[in-house]
Amino acid sequence: MAAIARSPFAHRLGQSRVPREPDNLVIHDLTATGRTGFKGAGTSDWLASQVSALPERPNRAVTLSDGTVVARLGKEEYLVLNGRGSSNNVSAELDLSWASESANGAVRMGYPLPRADSHSWLFLQGVRVPEMMSKICGVDLRDASFPPGEIAQTIVARIGAVLIREVGDGSEGLHLLTDFASADYLWEVLDDASAEYGGGFAPAGRK
């Protein structure tokens, strides 16, 4: 399933202030970028036949060669994020493959979770990200406690969230996924919290 056409943050991005110190903290809205999910008995075996690598345990993620992030949220539950800046649309290809195989009567392959229809997606970069997040999240996101590939299914500013630490192509950052209904509130919280460090949301079009 394709990502939604419009991000719930889009109406604010046009007026967002440019971060004064982007190396400290900058927040990118990736909600319009493709993502998907699958869950249920047989999901691991099926997904292993579709991608080059899977995380070895729940609450871990791997980054594939094209930047695609495969996150394992449970024993048989996965979240797939298209690579940032990649032309590959792995999430859409997986959705099509699942639909085709399901129609042909394949068994024990789980069921799809349309994450593009339910969750906004932000990507936080900068050396002050762990410090800022400590004010709104109880998880210790410093390098020693939250290494690359780690996942936390937790609460951020009183909102249920999925946090994924990614490293790839010389850059690193934190994926933050929350439900669409909380987008306006989350914007206010992150805009205020990031301002303390000279950061903020990247204007529309910047990656």
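Values in this document were obtained by computation on a predicted structure and should not be read as measured data. (Residues numbered from 1 in each chain as written. Predicted model: local features only at pLDDT ≥ 70, side-chain atom pairs only at ≥ 80, totals over all residues. Heavy atoms only, no water.)

**Let's talk about the sheet that holds strand β6 (residues 111–113)**
Next up, step 1: Strands sit in the order β3-β4-β5-β2-β6 across an open sheet of five strands; the sheet is antiparallel. At either margin of the open sheet sits one strand with a lone partner, and together these are β3 (60–63) and β6. For this sheet the average axis-to-axis angle between neighbouring strands, irrespective of direction, equals 20°.
Next up, step 2: Inspection of the sheet shows strand β2 (residues 35–39) paired to strand β5 (residues 77–81) by five bridges, in the antiparallel sense. Looking at β5, one finds that Thr36 is bridged to Val80. (Pairing = 2+ DSSP bridges. Helix = DSSP H or I, 4+ residues; strand = E, 2+ residues; numbered from the N terminus. Axes fitted to C-alpha atoms, helices over the stretch in contact; angles between N-to-C directions.)

**Things to note about helix α3 (residues 90–103)**
Next up, step 1: With 14 residues, α3 should reach 20 Å at 1.5 Å per residue; the first-to-last C-alpha distance of 20 Å fits that figure.
Next up, step 2: Of all the positions in α3, only Val90, Ser91, Ala92, Leu94, Asp95, Ser97 and Trp98 are classed as buried.
Next up, step 3: Gly105 sits one or two residues past α3 and shows a positive phi near 90°. (Expected span 1.5 Å × (residues − 1). Buried < 20%, exposed > 50% of the residue type's maximum accessible area, 1.4 Å probe, protein only.)

**Description of the pairing of strand β1 (residues 26–29)**
Next up, step 1: Alternating residues of β1 divide into Val26 and His28 and Ile27 and Asp29, and every residue in both groups is buried.
Next up, step 2: In this sheet, strand β7 (residues 119–125) lies alongside β1 in antiparallel orientation, the contact comprising four bridges. From the neighbouring strand, Asp29 faces β7, where its bridge partner is Leu122.
Next up, step 3: Relative to strand β11 (residues 200–201), β1 runs parallel, the two sharing two bridges. Along β11, the bridge assignment pairs Val26 with Gly200.

**Points about the environment of Pro8**
Next up, step 1: Its location among the elements puts Pro8 in the segment before α1 (10–13).
Next up, step 2: On the basis of relative accessibility, which here comes to 22%, the residue Pro8 falls in the partly exposed class.
Next up, step 3: In sequence terms Pro8 and Ala32 are 24 residues apart; their C-alpha atoms lie 9.5 Å from each other.
Next up, step 4: Setting aside residues no more than four positions away along its own chain, Pro8 makes contact with Thr31, Ser120, Phe180, Ala183 and Asp184. (Contact = heavy atoms within 4.5 Å.)

**A few points about the pattern of salt bridges**
Next up, step 1: For the structure shown, the criterion picks out 10 salt bridges.
Next up, step 2: The residue Arg60 makes a salt bridge to Glu150 at a minimum N-O spacing of 3.0 Å. You can see Arg60 sitting in strand β3 and its partner Glu150 sitting in the loop between α4 (129–133) and β8 (151–156), a full 90 residues away along the chain. Residues Arg60 and Glu150 agree in their burial class; the two are buried.
Next up, step 3: The partner of Arg142 in a salt bridge is Asp140, and the shortest N-O contact between them spans 2.8 Å.
Next up, step 4: The exposure class of Arg142 is exposed, given its relative accessible area of 55%. (Salt bridge = Lys/Arg side-chain N within 4 Å of Asp/Glu carboxyl O.)

**As for the environment of Arg128**
Next up, step 1: Examined against the element boundaries, Arg128 turns out to sit in the loop between β7 and α4.
Next up, step 2: You can call Arg128 partly exposed: its relative accessible area is 27%.
Next up, step 3: Apart from the residues lying within four places of it in its own chain, the contact partners of Arg128 are Asn24, Leu25 and Tyr197.
Next up, step 4: Separated by 2.7 Å, the side chains of Arg128 and Glu131 make a polar contact. (Polar contact = N/O pair within 3.5 Å; in protein donor to acceptor, adjacent residues only side chain to side chain.)

**What to know about the side chain of Glu77**
Next up, step 1: With respect to the helices, strands and loops of the structure, Glu77 is situated in strand β5.
Next up, step 2: Of note is the side chain of Glu77, whose polar atom sits 2.7 Å from the side chain of Arg115.
Next up, step 3: Leave out the neighbours within four places in its chain, and Glu77 touches Phe38, Lys39, Ala71, Arg72, Leu113 and Arg115.

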